[in-house]
Amino acid sequence: MLEYCEHGDVCADINQRGAYGNERTTNLCLQVGSALAYLHCNWIIHRDVKPENVLLKSSRKGKMVFVLADFGLARICGFMDACRTFVGTQPYMAPEIFRTYSGHANGYGSKVDVWSLGITLYACLTSELPSSVAITDAEIGSNHLSEVREGIAEASDLLRLIILTCLEPDPASRRDMCTAHRDWWELFISTSRRRTFY
């Protein structure tokens, strides 16, 4: 059972309104990032973060609230465990899922959701996906981060930092959400103390 989200999902909203600006994308980033941090700190991986699985509703103050939904592919994955199932929505799936499927990795963990959030944020800002993630195997092109930087050149400094952090191809170098989301909030608050999100 899920709360009623009267404004549909982010994908439909972008199709109707066009790409999101910095403020709306930052809203989504901080709220969905907080939801993922809660899940990951409780050893749960979502495994299908994408615009279609982020719903919109209005708060009592009239602000837009983003709600992470569809836990059909979620699973518990402890610190020493690794997932090995090839699941998700391909354009949003992290490289290590493909590497596991092809036998080049021994599994994956919660950082696949961090990657998916980065692709989701990119899609919100540009209403398209980076071509470097249109893959069917384990390889991300060497120009991947360069293409991402070019695509989000008009984004705020904070969003550029977050997206590039999320889309680090090597999961060992990618931030984990339990600590990253706290740093994102601190950076946001330090640069914009007057905004409210709820």
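Quick caveat, the model's predicted, so the values are computed rather than measured.

Regarding the pattern of salt bridges
In step 1: Counted by the stated rule, this structure contains seven salt bridges.
In step 2: A salt bridge links R174 to E96; its shortest N-O distance comes to 2.7 Å. Note that R174 is positioned in the loop between helix 6 (157-166) and helix 7 (177-191) and E96 in helix 3 (residues 95-101), a separation of 78 residues in sequence.
In step 3: Through salt bridges with shared partners, one network takes in D13, R17 and R24.

Observations concerning empty space enclosed by the protein
In step 1: Considering all chains together, one arrives at one cavity of 30 Å³ or more under this definition.
In step 2: Looking at the largest cavity, its volume works out to about 50 Å³.
In step 3: Every residue along the wall of the largest cavity is listed here: R47, D48, V49, G88, T89, Y92, M93, A94, I97, V112, D113 and S116.
In step 4: With three residues, the single largest contributor to the lining of the largest cavity is helix 4 (residues 111-126).

Here is what the cut-offs are and how they apply
- Residues numbered from 1 in each chain as written.
- Predicted model: local features only at pLDDT ≥ 70, side-chain atom pairs only at ≥ 80, totals over all residues.
- Heavy atoms only, no water.
- Salt bridge = Lys/Arg side-chain N within 4 Å of Asp/Glu carboxyl O.
- Helix = DSSP H or I, 4+ residues; strand = E, 2+ residues; numbered from the N terminus.
- 1 Å grid on protein atoms, 1.4 Å probe; cavity = no way out; pocket = protein on both sides within 12 Å on 5 of 7 lines; lining within 4 Å.
- Points joined across faces, edges and corners; volume = space filled by probe spheres on them.

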